[in-house]
Amino acid sequence: MTRSTAVGLAAAAMTLAAPAVAQPTPTAVQVVELFTSQGCSSCPPADRAVAAIAARPGILALSFGVTYWDSLGWKDTFAQKMFTDRQWDYARGLGHANVGTPQVVVNGRLDTVGQNVADIDQALRRARLAAGGPAVTLQTTRVSIAGAAPRRTAQVWLVRYDPNVLQVPVKRGENTGKTLPIKNVVRELSRLGDWNGGPKSYAVPAGPARLKTAVLIQAGRGGPILAAAKG
């Protein structure tokens, strides 16, 4: 045996003996949904709290403007009826008889008023999504999902939101004279289809360049979030 052969065999033996390096488990994206209104005097603290956590890695923070305070003298400039409908879906899913603002829903599993970061952090600890749910891959024109079949048919939601802090001067209503900074305002919400397990992909239509894209996999209307991805 030559010296070079012996060295090569020793190196191979060391390689085989070395323990395998564990690959890190992907961190599940945590979904924080704020239901708010520019016409609600209790909402600005929650707007600030959600904005404060929006930049954290692994957090998808979304601000939904609801419509039912529009009659108080100021029409929310971001509110849409479908966002109000989404909050009602959560009310039914979480066993509430009514809706109100502000409300923060964490991963579709738990809600809190959310007027400070500590409250939201507590909700995140109690309702945190664990890695191991459906795998979601979001690309510019397509989203792919793979995993075991959920207990009930899941819905696939496409979300477009503005990542900037938008300054909203309010001229009437409960927040008259205030300029409200609101971050991650949802501008579009659309259902791409259903998912019953296994690999499946969906086309993602082109959206405005200024908006960010996210996808939610949700166990029925107002049900728990199973997985999420953001672009």
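Above this note sits the structure.
Presented here is a report on the structure given in the accompanying data block. (Residues numbered from 1 in each chain as written. Predicted model: local features only at pLDDT ≥ 70, side-chain atom pairs only at ≥ 80, totals over all residues. Heavy atoms only, no water.)

## Considerations on the overall build of the chain
Stated precisely, the cut-off is as follows: Each helix corresponds to a stretch of at least 4 residues labelled H or I by DSSP, and each strand to a stretch of at least 2 residues labelled E; elements are numbered beginning at the N terminus. For every residue, the accessible area obtained with a 1.4 Å probe (protein chains only) is divided by the maximum for its type, and the residue is called buried under 20%, exposed over 50%, and partly exposed between those limits. Whether two residues are in contact is decided by their heavy atoms, any of which lying within 4.5 Å being enough. A 1.4 Å probe and the Shrake-Rupley method give the accessible areas. Residues count as covered only by the protein chains that appear here.
Regarding its fold elements, the chain presents 4 helices and 11 strands. Of all 231 residues assigned to the chain, the portion counted as buried reaches 44%. The contacts in the chain between residues at least 6 apart in sequence include a share of 69% that link residues at least 24 apart. Only carbon and sulfur atoms are counted for the fraction: they give 55% of the accessible area of the chain, which is about 11,600 Å².

## A look at the sheet that holds strand 9 (residues 200-203)
Quick reminder of the rule: Pairing between two strands is assigned when DSSP locates at least 2 bridges connecting them. Where helices are involved, their axes are fitted lines through C-alpha atoms of the stretch in contact, as for all axes, and angles between N-to-C directions lie from 0 to 180°.
With antiparallel pairing, 3 strands are arranged side by side in an open sheet as 5-6-9. Every other strand in the sheet has two partners, leaving strand 5 (135-138) and strand 9 as the edge strands with one partner each. Between one strand and the next, the sheet's axes are offset by a mean angle of 15°, whatever the strand orientation. Relative to strand 6 (residues 142-146), strand 5 runs antiparallel, the two being bridged by 4 bridges. Looking at strand 6, one finds that Leu-138 is bridged to Val-143.

## So, unusual backbone geometry
A negative phi holds for most residues other than glycine; trans holds for most peptide bonds. A cis geometry characterises the amide bond from Thr-101 onward to Pro-102, with omega recorded as -5°. Structurally, Pro-102 can be placed in the loop between helix 3 (81-94) and strand 3 (103-106). If you check the backbone angles, Asn-107 has positive phi at about 55° while not being a glycine. Summarising the element assignment, Asn-107 is placed in the loop between strand 3 and strand 4 (110-112). Taking the relative accessible area as the measure of exposure, Asn-107 reaches 0% and is therefore buried. Positive phi, close to 55°, is recorded for Asn-184, a residue that is not glycine. By the secondary structure assignment, Asn-184 is in strand 8 (residues 179-195). On the accessibility criterion, Asn-184 (6% relative accessible area) is buried.

## Remarks on the pairing of strand 7 (residues 154-169)
Direction of pairing for strand 7 relative to strand 8: antiparallel, over a ladder of 14 bridges. When the sheet's bridge partners are listed, Asp-162 is paired in strand 8 with Val-185. Pairing of strand 7 with strand 10 (residues 212-218) involves 7 bridges; the strand directions are antiparallel. If you follow Val-159 over to strand 10, its bridge partner there is Ala-214.

## A short note on the nonpolar core
Operational definition: We define a nonpolar core as any set of buried Ala, Val, Leu, Ile, Met, Phe, Trp, Tyr and Cys residues linked to one another through side-chain atoms lying within 4.5 Å.
Leu-60, Leu-62, Phe-64, Val-159, Tyr-161, Val-186 and Leu-216 are the most contacted members of the largest nonpolar core, which has 21 residues in total. Contributing elements (two or more residues each) for this core: strand 1 (30-36), strand 2 (59-65), helix 3, strand 7, strand 8, strand 10 and strand 11 (225-230). Counting 16 residues, the second-largest nonpolar core is a separate cluster that includes Val-32, Ala-49, Val-50 and Val-104.

## Considering helix 3
We count it as follows: Multiplying 1.5 Å by the helix residue count minus one yields the expected span of that helix.
Taking 1.5 Å per residue as the helical rise, helix 3 with its 14 residues ought to reach 20 Å, and the 20 Å between its terminal C-alpha atoms agrees with that figure. The complete set of buried residues in helix 3 reads Phe-83, Thr-84, Arg-86, Gln-87, Asp-89, Tyr-90 and Ala-91. Of the residues flanking the end of helix 3, it is Gly-95, one or two places downstream, whose phi is positive at about 80°.

## Observations regarding the environment of Ala-28
Structurally, Ala-28 is set in the loop between helix 1 (3-17) and strand 1. A relative accessible area of 16% means that Ala-28 is categorised as buried. Sequence separation of Ala-28 and Ala-135 is 107 residues, and the distance between their C-alpha atoms is 9.3 Å. Not counting chain neighbours up to four residues away, the residues in contact with Ala-28 comprise Gly-58, Leu-129, Ala-130 and Ala-131.

## Brief notes about the pattern of salt bridges
Counted only if it meets this: Basic side-chain nitrogens of Lys or Arg form a salt bridge, by our definition, when they fall within 4 Å of a carboxyl oxygen of Asp or Glu.
Under the counting rule described, the total for this entry stands at 8 salt bridges. Asp-89 serves as the salt-bridge partner of Arg-221, at 3.1 Å between the closest nitrogen and oxygen. Of this pair, Arg-221 sits in the loop between strand 10 and strand 11 while Asp-89 sits in helix 3, and the two are 132 residues apart along the sequence. Owing to a relative accessible area of 10%, Asp-89 belongs among the buried residues under this scheme.

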